[in-house]
Amino acid sequence: MKKFILGLAVLSTVIMKAQTQIIAHRGYFQAQPPTTENSIKSLENAQKLKIYGSEFDVRMTKDGILVINHDEHHGQMEISETTFKELEALKLSNGEKFPTLKDYLKQGKKDPSLKLIVEIKPAKTPEIENEITQKTLKMIRDMKLEGQSEYISFSLNICKQIKKLEPKFKVQYLNGELSPEQIKKEGLDGMDYHYSVFQKNPTWISEAKALGLITNAWTVNDPAVYQDLKNQGIGFITTNIPDQLKNK
């Protein structure tokens, strides 16, 4: 009987691992009531959904403060050329203060079951990218969030820098031009590509899985596209509608 129960437990674990997992894109901001992407409220909303993870974007201000924002600009201000004090004066559209990485991670730490998918944005030079990467990893280590955090970037330099500093951290590349074999050769853990890349390269999901790579697609907001990727066995999808896709 014990062997039977153990067998069921192993089988259920395998099935769980085989299921396509859901990641909220810039948090769950298309909620009711709606909020702002990359806001702390959007992260709170994602935590309530009980999904795999929530993605967010890291940039650095002129005076070296790590902040959360997708675009290069906050209002009319270019983040990399503006001090945090100036940026902070303009609140988010939902009334929140402009979020720092530290504040965002503090909220993330409140729910250890939700993975923090850290996207480090490309910068103007490799030197600045390396500085942002080093500061981000240090903060995550200092806050003891190593086991809860995974990493993505459009910059191959940033991806490789993370693996250089922390070889055990999970790192996926976003840009879409590298094949599974090339991703493996670069020493990265996976490919997190726009879903159209997988549509144009229909063998890449199976090839990546055969190489032991993580597979993820963004930004999947069409249930039909989600179902097609799921049928191909993709590991993860990143979406603006995590509430709608999590039970499909």
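Residues numbered from 1 in each chain as written. Predicted model: local features only at pLDDT ≥ 70, side-chain atom pairs only at ≥ 80, totals over all residues. Heavy atoms only, no water.

1. What to know about the overall build of the protein chain
Here is the rule we go by: Secondary structure elements follow DSSP: runs of H or I no shorter than four residues count as helices, runs of E no shorter than two count as strands, and numbering proceeds from the N terminus. For the radius of gyration, the atoms used are the C-alpha atoms, and the globule rule reads 2.2 Å times the number of residues raised to 0.38. Three exposure classes are used, based on accessible area relative to the maximum for each residue type with a 1.4 Å probe and protein chains only: buried under 20%, partly exposed in between, and exposed over 50%. Any pair of residues with heavy atoms lying within 4.5 Å of one another is described as a contacting pair. The protein chains shown are the only cover counted for residues, whose accessible areas, like all others here, come from Shrake-Rupley with a 1.4 Å probe.
When you go through the protein chain residue by residue, the secondary structure sums to eleven helices and eleven strands. In terms of C-alpha radius of gyration, the protein chain reaches 18 Å, essentially the compact-globule figure of 18 Å for 248 residues. When its C-alpha atoms are laid out on the principal axes, the protein chain stretches across 60 × 40 × 35 Å. Within the span of the protein chain, comprising 248 residues, buried residues form 50% of the whole. Restricting to contacts in the protein chain with at least 6 residues of sequence separation, those with at least 24 account for 57%. As presented, the protein chain carries roughly 12,400 Å² of accessible surface, and 54% of it is formed by carbon and sulfur atoms.

2. Topic: the environment of Glu 127
Here Glu 127 is to be found in helix α5 (residues 126-142). Distance from Glu 127 to His 73, taken between C-alpha atoms, is 21 Å for residues 54 residues apart in sequence.

3. Considering the UniProt feature "domain: GP-PDE" (unreviewed entry) in the protein chain
Where we set the bar: UniProt positions are given in the numbering used here, feature names are shortened, and annotations may be inferred rather than shown by experiment.
Residues given the UniProt feature "domain: GP-PDE" (unreviewed entry) here are residues 20-248. Taken end to end, residues 20-248 has its terminal C-alpha atoms 10 Å apart, with 36% of it in helix and 21% in strand.

4. Comments concerning the pairing of strand β6 (residues 115-120)
Here is the rule: Here a strand pair is declared whenever DSSP counts at least two bridges between the two strands. Note on handedness: a crossover is taken as right-handed if, strands pointing away from the viewer, the path from the first strand over the helix to the second is clockwise.
Burial of β6 is extensive: five of the six residues sit out of reach of the surface. In terms of strand pairing, strand β2 (residues 53-60) meets β6 through six bridges, oriented parallel. When the bridges of β6 are listed, Glu 55 appears paired with Ile 117. Here four bridges tie β6 to strand β7 (residues 149-153), and the two strands are oriented parallel to one another. Residue Leu 116 lies in a different strand from β7, and its bridge partner there is Ser 149. The handedness of the β6 to β7 crossover, carried by α5, is right-handed.

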